[in-house]
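Each chain, written out:
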Amino acid sequence: MARLDTPLVLASGQRLPNRIAKAAMEEFLAVEGQLPGPGMIELYRRWAQGAAGLMITGHVMVDRRALADPSDVVLENGTPLKPFHEWARAAQSGDGRIWLQINHPGRVMTSDMPGPVRSASDVAVDVGRYSRLYPRPEPMTAEQIQDTVRRFASTARMAETAGFDGVQIHAAHGYLISQFLSPLTNRRQDRWGGNLDNRARLLLDIVAAVRAEVGERFAVGVKLNTADFQRGGFGADEAARVVAMLAEFPVDLVELSGGSLESLATHGYAADGSTLAREAYFLDTAAAIIADSTVPIMLTGGIRRRSVAEDALARGTAVVGMATALAVDPGLPRRWLHGEDATAQVTLPRWRDKALAAAAAQATVRCRLAGLGRRDGAGRRAHPILALIAERLHRRSALRDYRRWLSGQQPAAPTE
């Protein structure tokens, strides 16, 4: 059994100094031009001192026209690399590695965003009374799919040039690649739809294109849903098959998570009625995948106690990932590695409106991240309602800036 302080050597030859990872969280800290700013750089400098063996950034978008939020960072052809180089150097100021998570939102774009909304099929987001916020997407053409593949590869190449140690391709949580994987959102009748081999084609094409664009020592990971936790959706059996497909490339690390905007499994709520554990939400569902996988598996989802992390390792997980816990206590990995039984006290709103509760929880976390990103500040503990209001005001300003910036850019050309 691996211990938390056991190093891990990946297929690329990259060495993680321990088995603790900072999992991706949306930081909402982009500055003018959708670039990482001083707050982002300082935030990752703090996390670097926390001693996690691996840090994975919040998602960075591969196409400036397709953002999940107007505060998202974009990295594509023509993006200035200096801020990304500073970001990578700050994250490498400790002993850990830093991977850039790269993503495309697909249909997870609200109607006030200016870009085109596209997905595998024309299936709209269904989140009850909030569904009106999301327009029905257009099915992507073959040319648009191929352009998206090229964009992922181009972004990965630029991440390597900027000094990052790897990328993680986001294929979970209901974003574009996850939309292709799920039979609920992929109703295509062509080579990208139907059976799992076809639904996984976009992910596998992206992995192959990324691997071809980067050096052999540059790590390539994938974030995948253990399950969508929606009836009729992508499930654990299909996830196991996709992990086996990824093993053939090879991929360095597969992170297993779960859920989407429509099934808030990352907050402990499953739309299909599944009962999730209070910590390590997805460990039971992922157990069979972990046992059979030849690729190292990273598991995230509510882990905040050392004993739970150690149990995940004992059950075959290669790396344990934490997100919210490291917003509460950025130094938690170092404390665990020094033998402390420290716990991050995470209190999430338990309101009747689960979607609103999840949004408030995320806003509270991002308020803390903004505080940690100030040189003289610490993460503030904001009341969930006040954090949610503050985030809505910030979004209004960020959307105005994003629209202005986007309108001043040249039309997005196909990638190389």
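It should be noted that the structure appears before, not after, this text.
The following paragraphs examine the structure supplied in this document.

Things to note about the overall build of the chain
Assigned secondary structure in the chain consists of 13 helices and 16 strands. Taken against the 2.2 N^0.38 rule, which gives 22 Å for 416 residues, the C-alpha radius of gyration of the chain at 19 Å falls within 12% of a compact globule. Projected onto its principal axes, the C-alpha coordinates of the chain cover approximately 55 × 45 × 45 Å. For the chain, the residues scored as buried account for 60% of the 416 residues in total. In the chain, once contacts between residues fewer than 6 apart in sequence are set aside, the share between residues at least 24 apart is 72%. Roughly 16,700 Å² of accessible area belongs to the chain as shown, and the carbon and sulfur atoms make up 49% of that amount. Averaging the positions of the 51 positive and the 45 negative side-chain charges in the chain gives two centres separated by 5 Å.

So, the packing of aromatic side chains
Each aromatic ring pair is summarised here by two numbers: the centre-to-centre distance and the angle between the ring planes. Per the counting criterion, the structure on display carries five aromatic pairs. Here Tyr-44 and Trp-47 contribute two aromatic rings whose centre-to-centre distance is 5.0 Å and whose plane-to-plane angle is 80 degrees, an arrangement assigned as edge-to-face. One end of the pair, Tyr-44, and the other, Trp-47, are both in helix α1 (residues 38-49), three residues apart, so they sit about a helical turn from each other. Taking 6.1 Å as the distance between ring centres and 40 degrees as the angle between the ring planes, the aromatic pair formed by Phe-84 and Trp-87 counts as tilted. Note that Phe-84 and Trp-87 are positioned in helix α2 (residues 82-91) at a spacing of three residues, about one turn of the helix. Each of the two residues, Phe-84 as well as Trp-87, counts as buried. Put simply, the rings of Tyr-44, Trp-47, Phe-84, Trp-87 and Phe-164 touch in pairs and so form one group of aromatic residues. When the ring centre of Trp-192 is taken as origin, the NZ or CZ atom of Arg-191, which lies over that ring, is 5.0 Å away. Taking the ring centre of Phe-28 as reference, the NZ or CZ of Arg-366 above it sits at 3.9 Å.

Side note on the environment of Glu-255
When you line up the elements, Glu-255 lands in strand β14 (residues 253-257). Sequence-distant contacts of Glu-255, that is, excluding residues within four places in its chain, are made with Ala-23, Ile-56, Gln-168, Val-222, Lys-223, Leu-224, Met-298 and Thr-300. There is a polar contact of 3.3 Å between the side chain of Glu-255 and the side chain of Lys-223.

What to know about a nonpolar patch on the surface
A surface patch of nonpolar side chains, amounting to about 390 Å² of accessible area, comprises Ile-385, Leu-386, Ile-389 and Leu-393. Considering the arrangement of structural elements, one finds Leu-386 in helix α13 (residues 384-407). Residue classification places Leu-386 among the exposed positions, given a relative accessible area of 57%.

Remarks on helix α3 (residues 142-162)
Its 21 residues place the ends of α3 30 Å apart at the C-alpha level, agreeing with the 30 Å of an ideal helix rising 1.5 Å per residue. Gly-163, located one to two residues past α3, shows a positive phi value of around 105 degrees.

Reading guide: rules and limits
All residue numbers refer to position in the chain's written sequence, counted from 1. Per-residue local features of the predicted model are confined to residues with pLDDT of at least 70, and side-chain atom pairs are confined, for both listing and counting, to 80 or more; whole-chain, interface and lining totals are unaffected and use all residues. With hydrogens and water stripped out, all remaining heavy atoms of the structure feed into the side-chain values. Numbering of helices and strands runs from the N terminus; a helix is a DSSP stretch of H or I covering at least four residues, while a strand is a stretch of E covering at least two. C-alpha atoms define the radius of gyration, and 2.2 Å times the number of residues to the power 0.38 defines the globule rule. Only protein chains enter the calculation, and the probe is 1.4 Å; a residue is then buried if its accessible area is under 20% of its type maximum, exposed if over 50%, and partly exposed in between. Two residues form a contact once any of their heavy atoms are found within 4.5 Å. Here, Shrake-Rupley sampling with a 1.4 Å probe gives the accessible areas, and only protein chains in the shown set may cover a residue. The charged-residue count follows a simple rule in which Lys and Arg add positive charge and Asp and Glu add negative charge, with His and chain termini not counted at all. A charge is said to be at NZ when it belongs to Lys, at CZ for Arg, at CG for Asp and at CD for Glu. Only centres within 6.5 Å qualify two rings of Phe, Tyr or Trp (six-membered ring in Trp) as a pair; their planes then separate them into stacked at under 30 degrees, edge-to-face at over 60, and tilted for everything else. Only when the NZ of Lys or the CZ of Arg is both within 6 Å of the ring centre and within 35 degrees of the ring normal is a charge said to sit over the ring. A 3.5 Å cut-off defines polar contacts: any pair of N or O atoms within that distance qualifies, except that in protein one atom must be a possible hydrogen donor and the other a possible acceptor, and neighbouring residues in sequence count only when both atoms are side-chain atoms. Surface patches are defined over residues having more than 30% relative accessible area and no salt bridge, joining like charges when they lie within 9 Å and nonpolar side chains (Val, Leu, Ile, Met, Phe, Trp, Tyr) when within 5 Å. In the sections that follow, a salt bridge refers to a side-chain nitrogen of Lys or Arg positioned within 4 Å of a carboxyl oxygen of Asp or Glu. Under the convention used throughout, the expected extent of a helix is 1.5 Å for every residue step, that is, one less than its residue count.

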